[in-house]
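What follows is each chain in one-letter form.
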Amino acid sequence: MKILGLSAFYHDSAAALVIDGLPVAAVQEERLSRHKNDAEFPMQAIEWCLDHAGLEPEELDAVIFYERPALKFDRVLMTLLRSFPHSWRAFPNAMNNMLGEKLWVRGVIAAQLGVDTRRIHFTDHHLSHAAAAFLPAPTERPAILTADGVGEWATLTVGRGSKGADGGTQIDLLREVRFPHSLGLFYSAFTAYLGFKVNEGEYKVMGLAAYGVPRFAEEVRRILRRTSDGAFALDLGYFDYHRAVDSAYSRAFIEMFGPPRDRFEPIDLGTPQGQHYADVAASAQLALEEVMVDIATSLRKETGLADLCLGGGVALNGVANARILTEAGFERLFVPSAPGDAGCALGAALYADRILFGRPHRDCPDHPFWGPAVEPDKLTRIATEDDLPVARIDEAELIDNVVEAIANGAIVGWMDGAAEFGPRALGHRSILADPGDEAMRDRLNRDIKFRESFRPFAPVVPTEHADTYFALPQGGKRLGRFMSGVFPVRSEWRDRLRAVTHVDGTARVQVLEEEMAPRLHALLAAYGRRTGIPILLNTSFNLAGDPIITSAAEGYSTFRRTGMDLLVADNVLVRRQRAQQQPLVEKVA
């Protein structure tokens, strides 16, 4: 049975293909269109998935969309009507937007793919999140928690799941919080206030929060208050998004926290204004953590289940995830590599297979590498045309060259096999560097990534060495598998891991098992033998504002536009042209 899952029309459009119960392809539209957070109908992603599997659209047994457009239209219409007359300016545009392809999704899919409308199905937005978190995870009976901005009406759900080899797989969502009360929109309002782009800059708020003191915690708790049933409610007087106007926050919000930051204004943490923004970020972050931990703790007591599957955009908050793991009472916490809306494409396809069609559960391969493979021959051709030194060498020699280069200060673009599905580079489309040199962090932010100086970088460490360098709780290695948790760097190693240790002594750790990325695991082992520490700095292979690179050509273009020293695609290695011929391995000033 061949099922295509789709997400589209809000942000992070994607397509995923499941055949006989197993994923075979999944890719976010932005990785092919090169438009960050691309929300368009994911035609390029669909075409790639079908081509990868050698299928024509008419061979699909089902296409499933990740949410119910009519219910979403109901919410948008009700929001506009309730907020009238404030919404009068927004009403025409919103109706024109919704009454187009966003509402008539069945027709769009049928027209674009040429499939029979009877094969097109829909599921609830938060069921897609729950399925994406639960069905690929190696757990049989977990509790489930999803949290994001908003789907149709739900913004947070709690429930449980069970897998049945005989076709008895179930996802039971027990309760939900509904729009306009939303943890995701709460956090996005602070993202906008701090001058970052909503649905893209939330992770910047999390990074900035580490520089601040939560001195506005009580004010934020008045905005995000707890309810007697164990949930939460927002004081809507501080927000504007529910009034269908352009701003996420209201005048009362500004009166409480002061003037918002202009997005072109740099954040100078050495100034009172810069510290003010960091303190606001710290306060919002703390409030989010408290609510998530409390809801997860109550869910643990209610269900008695040892495992928790966490989905939705809020699950990208690694600091909150780590607190849930250590404080809520669960033994293991599973967060997928793509917990946001892109991952709903895969979640919807798996939901259709296991639950809609009642097919037996099959354990999914436990990795995120479902995208296009890098093509080293293309890199060889492009670099040769540019007259750059190119070498196709065996793995042992390649690793020796890369280890020596990084040990001497080089920055390496690393492309290996199929691209990751999700917003984080997990060793197949990464920039790698020495984790110990604090100047390396500044160089990466300034000369490679072109991004804010307060942004931290992640370490990647083999699972067998993770506990030596990082204070991981029970279940921490599992959470670190997809870089989904932030944990303390052990104090005795912080001086030697300065480039990947955040200002608060933590790091968003990737814990790497050999079978997930064998070539990167071998590189880490070799780097450990060379330097004594089997850890590398790992950041996504892209420039600020660009999607992570997918192809060898995109990797090469990024390599040439930055200060990277080496570029690797599988077993092909390219070095930057120098004014004079020098050895491949050289110390970078």
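Please refer to the structure placed before this passage.
Throughout, residues of each chain are indexed from 1 in the direction in which the sequence is written. Given that the model is predicted, a residue must reach a pLDDT of at least 70 before its local features are reported, and side-chain atom pairs must reach 80 or more before they are shown or counted; all residues, however, enter totals for whole chains, interfaces and linings. As a rule here, side-chain values come from all non-hydrogen atoms in the structure, and water together with hydrogens is ignored.

**Q** I tried to follow the nonpolar core on my own but got confused; where do I start?
**A** As a rule of thumb, soluble globular proteins bury nonpolar side chains together. We call a set of buried residues a nonpolar core when its members are Ala, Val, Leu, Ile, Met, Phe, Trp, Tyr or Cys and they connect through side-chain atoms within 4.5 Å of each other. Summary of the burial criterion: residues with accessible area below 20% of their type's maximum are buried, those above 50% are exposed, and those between are partly exposed, where the area comes from a 1.4 Å probe applied to protein chains only. If you look at the biggest cluster of nonpolar residues, it comprises 106 residues, and the most contacted ones within it are Leu-145, Phe-186, Phe-257 and Phe-470. When residues in this core are grouped by element, the largest group, 14 residues, is from helix H11 (residues 272-303). Note on definitions: a residue-residue contact is assigned when non-hydrogen atoms from the two residues lie within 4.5 Å. What Phe-470 contacts, discounting residues up to four positions off in sequence, is Pro-459, Val-461, Pro-488, Val-489, Arg-490, Leu-497, Ala-507, Val-509 and Ile-535. Core analysis: the second largest hydrophobic core is formed by 59 residues, Leu-55, Ile-120, Phe-122 and Tyr-351 among them. Under the scheme used here, helices are H or I runs from DSSP no shorter than 4 residues and strands are E runs no shorter than 2 residues, and both carry numbers assigned from the N terminus.

**Q** Explain the pairing of strand E22 (residues 536-540) here, please?
**A** In the case of a regular strand, side chains alternate between the two sheet surfaces. By the criterion of burial, E22 is predominantly enclosed, with five of the five residues buried. Residues Leu-536, Asn-538 and Ser-540 point to one face of E22 and Leu-537 and Thr-539 to the other, with burial holding for every one of them. For two strands to be treated as a pair, DSSP must find at least two bridges joining them. Of the strand pairs in this sheet, strand E17 (residues 429-433) and E22 are connected by four bridges, and their pairing is antiparallel. Counted as the bridge partner of Ala-433 is Leu-537 from E22. Two elements, strand E18 (residues 458-462) and E22, share three bridges in a ladder whose sense is antiparallel. Looking at the pairing, Ala-458 lines up with Asn-538 of E22.

**Q** Which parts of the structure should I look at to understand the pattern of salt bridges?
**A** Should their charged atoms come close, side chains of opposite charge can pair. Salt bridge, as applied in this entry: a Lys or Arg side-chain nitrogen positioned within 4 Å of an Asp or Glu carboxyl oxygen. With the rule as written, the count across this model stands at 35 salt bridges. The shortest N-O distance in the salt bridge between Lys-2 and Asp-61 comes to 3.8 Å. Separated by 59 residues along the polypeptide, Lys-2 in strand E1 (residues 2-7) and Asp-61 in the loop between helix H2 (43-53) and strand E4 (62-65) bring together distant segments of the chain. A relative accessible area of 34% means that Asp-61 is categorised as partly exposed. Note that Lys-72 and Glu-67 form a salt bridge whose closest N and O atoms lie 3.0 Å from each other. For Lys-72, a relative accessible area of 9% puts it in the buried group. Judged by relative accessible area, Glu-67 falls into the buried class, the value being 4%.

**Q** What exactly am I supposed to notice about the packing of helix H14 (residues 376-385) against helix H20 (residues 552-561) here?
**A** Axis lines are fitted to C-alpha atoms, over the contacting stretch for helices. Their N-to-C directions set the angle, which ranges from 0 to 180 degrees. Contact geometry for H14 and H20: axes closest at 8 Å, N-to-C directions at 40°. Between H14 and H20, the angle is such that the two are oblique. H14 and H20 meet at a crossing whose hand is right-handed. Contact with H14, carried on its side by Leu-379, Ile-382 and Ala-383, involves Ala-552, Ala-553 and Tyr-556 of H20 and no other residues of that element. Only Asp, Glu, Lys and Arg are considered charged, only Ala, Val, Leu, Ile, Met, Phe, Trp, Tyr, Cys and Pro nonpolar, and every remaining residue, Gly among them, polar. Tallied by class, residues from the contact of H14 with H20 come to six nonpolar, no polar and no charged. Each angle gets one of four labels, with under 35 degrees taken as roughly parallel, over 145 as roughly antiparallel, 65 to 115 as roughly perpendicular, and the rest as oblique. Here a crossing is called left-handed whenever its near helix is offset anticlockwise from the far helix by less than a right angle, and right-handed whenever the offset is clockwise.

**Q** For this particular structure, what's the right way to read helix H6 (residues 125-134)?
**A** Side chains that are three or four residues apart share a direction in an α-helix, a result of its 3.6 residues per turn. Across the 10 residues that make up H6, a large majority, 10, are buried. Listed in full, the buried residues belonging to H6 are His-125, His-126, Leu-127, Ser-128, His-129, Ala-130, Ala-131, Ala-132, Ala-133 and Phe-134. Against the buried residues of H6 lie strand E6 (143-147), strand E7 (154-162), strand E8 (170-178), strand E11 (307-311) and helix H13 (343-356).

**Q** It is not clear to me how the state of the cysteines should be interpreted in this structure. Could you clarify?
**A** Two cysteines whose sulfur atoms are joined by a covalent bond form what is called a disulfide. Note on terminology: pairs of cysteine sulfur atoms within 2.5 Å are recorded as disulfides. Taken as a whole and judged by the stated rule, the model has zero disulfides. Its sulfur unpaired, Cys-49 is 15 Å from the next cysteine sulfur, which belongs to Cys-364. We classify Cys-49 as buried; its relative accessible area is 0%. A residue is classified by how much of its surface remains accessible, and Cys-364, at 10% relative accessible area, is buried.

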